[in-house]
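Examining the three-dimensional arrangement
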Amino acid sequence: MKIVCLGGGPAGLYFAISMKLHDPSHQVTVVERNRPDDTFGWGVVLSDETLENLRRNDAVSARAIKESFAYWDYIDVRIHGRSLRSGGHGFCGIGRKKLLNILQDRAAELGVEMVFQTEVEGVEAYADADLIVASDGINSKTRERYADVFQREIDIRKNKFIWLGTHRKFDDAFTFTFKHTDHGWIWAHAYQFDTDTATFIVECSEATWAGLGFDAMDQDVTIAALEKLLADDLGGHALMSNARHLRGSAWLNFPRVLCGKWSHGNIVLMGDAAHTAHFSIGSGTKLVMEDAIQLAEFLHVEPSLEAAFDRYEDERRVEVLRLQSTARNSTEWFEDIERYVDLDPVQFTYGLLTRSQRVSHENLRLRDKYWLEMAEAWFEEQATGRQPFSPRPPMFTPFELRGLRLENRVVVSPMDQCSARDGTPDKWHLVHYGSRSLGGAALVYTEMTCVSPEGRITPGCTGMYAPEHEAAWREVVDFVHANGTAKFAIQLGHSGPKGSTKLMWDGMDEPLVEGNWPVMGPSPVPWSPENQVPHEMTRADMEQVTQQFVRAAEMSARAGFDVLELHYAHGYLLSAFVTPVTNKRTDEYGGSLENRMRYPIELFHAVRAVWPDDKPISVRISSHDWVGDAGIQPQDAVGIAEMLNAEGVDIVDVSAG
Ligand SMILES: Cc1cc2nc3c(=O)[nH]c(=O)nc-3n(C[C@H](O)[C@H](O)[C@H](O)COP(=O)(O)OP(=O)(O)OC[C@H]3O[C@@H](n4cnc5c(N)ncnc54)[C@H](O)[C@@H]3O)c2cc1C
Ligand SMILES: Cc1cc2nc3c(=O)[nH]c(=O)nc-3n(C[C@H](O)[C@H](O)[C@H](O)COP(=O)(O)O)c2cc1C
């Protein structure tokens, strides 16, 4: 086969090596625009698992790579003048230049032709090749040329980062260091990759970056400013850039690249050209080299180029999506960092270590039992005011609020059963909630229980508006209290524009076939084109609904519930006031968030006035309306939660939407 790899980074070189190992008669050329010794970037990290994959594929280059590794086991987190060290993280780093030189030498040894200092302008120049590998990196010209065919999506992430190096030693720990400035937080991800050099990636939000004036600085001024700002962490050492080819300051926004298709004719995408994974999980090079191993193998076991491409794409896509999802969690954690920086350094570090959701609580125990026990003891002391003799995981620590004490922090979410007749809970509910309460969770929620017949979602919803409802709920509450330690919360709601719909298994959120009742909302905006147009609520309607909630709260208190939750989420009446999507009012109950929250807050105070003082009230909100900028998004939800907290709401129960 005549093969050309466009781009001589880890992907192109390692694929060339792998093909030669399968069959030395392949004619393989790697075309690279830089010189063999040029390098942009500093170190990369590879895990032990990746190294084992490399060893199985080519023991010779794997040995050379292993000999050049810097190993470390600890992660240090420096924030608020404290430094917390945890172990068991097992990384190894290698200089990018060193890695490329090892791969170049090995490729040469196997007879790969390498053409340096040659810019690839297009695939036409390689018309005689049987296979063209687009391994030309994150800004791949080949991918961009056929962007539609490859169904390329690029998501430019929010934070700014700059990839620098330093001779300051970080030789025993991967170090995250966080610094507060007048314009927000800035931090570095630092790790050693050879005996005297470390990668030092600095990251911050766009607002901090602009506030600190980096938008107006060239590379040299940027570096001088960072050296001054992070002098404590650099211990007097300089920062170095090797991105002189980039115009401007060399600050970048990370592009998350996704491709719906990875091949076109005899052209195949590989490595960063096909997909990227954020640098904060350090798996970019792993993905790239494993792409190369697998494509080379499939080309030798599948009957045609097309079959090999199909299998390559099928198998690699799953692995890539898995890592990209982990990487996205990590990326977003750093983008949302202002939410976490004021936490105690122990809690902050715990969040950082588990941010990608790849490392769980118990996995941390395997990595560093002592660190985790210290964190558990810290948490338990916060929860109980006492230093524990043998600490428990946070999930199993008690929780107290007003007069409520929960044995642990496991809560059963509200889940509509659609099984009531005329609002009255029956034996189904007794068995359902009774068995949930015996399962070990400390708090069990009822489904959304409606404050009036027309406030029901479906004819199967439970209610709290008739004497028989109170009596039937009392029976369930008594069972829960008599047979275990679980506490019982009632969720009260009004369906508003999303009411008068079928039982969920007959057609979720679809209007009834017959017997629909009129629905109401803040404005005459239907929840979907299929749903009824609601009647715009008057002041009198609002007053009436408030009284219905008050009545239901009084009944719930008499029935013995321990917690009351108001349902302000999921498009029902109160959330229809909160979101600008369905609240188009021009009076004091519409417009700004403050106005849209006015009625939900008035209603909360009316309920609070009749709900026993020693029992908490929780409010459920949607953190996302899933309609883009037009609706509520997580940042708005933070504002909503802050307002509720300021009004005296005890718990904000945040639903994804
Ligand atoms: C800040 C940062 C930190 C990172 N840290 C890590 C880490 O710790 N661990 C890790 O595994 N990964 C890390 N990565 C990612 C890693 O560097 C990439 O995933 C990896 O280099 C991709 O390999 P590649 O061969 O696909 O592309 P590249 O390494 O980008 O190679 C592409 C090559 O193609 C050449 N080229 C491009 N266009 C042309 C053209 N038109 N003509 C000729 N040649 C061309 C380029 O010069 C380049 O040599 C990091 C990335 C960044 C940005
Ligand atoms: C069958 C079913 C019924 C549900 N009923 C309710 C409900 O009555 N009240 C409520 O607030 N959430 C209800 N939910 C949402 C869940 O409580 C829970 O929030 C959701 O499944 C988890 O996702 P989230 O992150 O969006 O909250 C229901 C979910 C399901 C699957």
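Just so we're clear, the structure is a prediction, and the values are computed from it rather than from any experiment. (Residues numbered from 1 in each chain as written. Chains lettered and ligands numbered in written order. Predicted model: local features only at pLDDT ≥ 70, side-chain atom pairs only at ≥ 80, totals over all residues.)

**Here's the deal with the sheet that holds strand β8 (residues 113–115)**
Strand order across the open sheet formed by six strands is β8-β2-β1-β9-β17-β16, with mixed pairing between neighbours. Because the sheet does not close on itself, it has two edges, and the strands there are β8 and β16 (263–264). When strand β2 (residues 27–31) meets β8, the two strands line up parallel, connected through three bridges. In the sheet register, T29 faces β8, and the bridge partner there is E113. (Pairing = 2+ DSSP bridges. Helix = DSSP H or I, 4+ residues; strand = E, 2+ residues; numbered from the N terminus.)

**Brief notes about the sheet that holds strand β4 (residues 70–72)**
Pairing in this open sheet of three strands is antiparallel, and the strands run β3-β7-β4 from one edge to the other. On the outer flanks of this sheet lie β3 (43–46) and β4, each paired with one strand and no other. Across the sheet, the mean angle separating the axes of adjacent strands is 30 degrees when strand polarity is ignored. In the sheet, β3 pairs with strand β7 (residues 91–95) via four bridges, with the strands oriented antiparallel. Residue V45 lies in a different strand from β7, and its bridge partner there is G93. Contacts from helix α4 (residues 96–109) reach β3 and β7, with the element oriented near 75 degrees to β7. (Axes fitted to C-alpha atoms, helices over the stretch in contact; angles between N-to-C directions. Contact = placed C-beta atoms within 7 Å.)

**Focus on the site of ligand 1**
Taken together, 32 residues sit near ligand 1, with G7, G9, G137, G271 and G284 positioned nearest. Taken together, the elements giving at least two residues each to the shell around ligand 1 come down to α1 (10–22), β3 and α9 (284–301). Ranked by the residues each element gives to the shell around ligand 1, the list is headed by α9, at four residues. Looking at the shell around ligand 1 residue by residue, the class counts come to twelve nonpolar, 13 polar and seven charged. (Near = placed C-beta within 6 Å. Nonpolar A, V, L, I, M, F, W, Y, C, P; charged D, E, K, R; others polar.)

**Looking at the domain arrangement of the protein chain**
What the domain assignment lists for the protein chain is domain 1 (2–334) and domain 2 (406–655). A C-alpha centroid distance of 49 Å is found between domain 1 and domain 2. (Domains from an automatic or database assignment.)

**Details of the site of ligand 2**
Taken together, 13 residues form the shell around ligand 2, and within it S413, P414, M448, S655 and A656 come nearest. Residues of the shell around ligand 2, tallied by class, amount to five nonpolar, five polar and three charged.

**Quick word on unusual backbone geometry**
Unlike most non-glycine residues, Q357 shows phi in positive territory, near 65 degrees. Here Q357 is to be found in the loop between α11 (345–353) and α12 (361–367). At C418, a residue that is not glycine, the phi angle is positive and equals roughly 50 degrees. Residue placement: C418 occurs in the loop between β20 (411–412) and α14 (427–437). Taking the C-beta count within 10 Å as the criterion, C418 has 18 such neighbours and is therefore assigned partly exposed. (Buried ≥ 20, exposed ≤ 12 C-beta atoms within 10 Å, placed from the backbone.)

**Concerning the environment of D509**
In this fold, D509 is placed in the loop between α16 (504–507) and β23 (520–521). With 16 C-beta atoms packed within 10 Å, D509 lands in the partly exposed category. Considered as a pair, D509 and L364 are 145 residues apart in the sequence and their alpha carbons are 42 Å apart. Filtering out sequence-adjacent residues up to four positions away, D509 remains in contact with K498, T501 and S528.

**A few points about the packing of α14 against helix α15 (residues 467–483)**
The interhelical angle for the contact between α14 and α15, taken along N-to-C directions, is 25 degrees, at an axis separation of 9 Å. When the axes of α14 and α15 are compared, the pair comes out roughly parallel. The way α14 lies across α15 gives a crossing that is right-handed. Residues H429, L430, Y433, G434 and S437 of α14 pack against E475, V476, F479 and V480 of α15. Split into classes, the residues belonging to the contact of α14 with α15 amount to five nonpolar, three polar and one charged. (Parallel < 35°, antiparallel > 145°, perpendicular 65-115°, else oblique. Left-handed = near helix turned anticlockwise from the far one by under 90°.)

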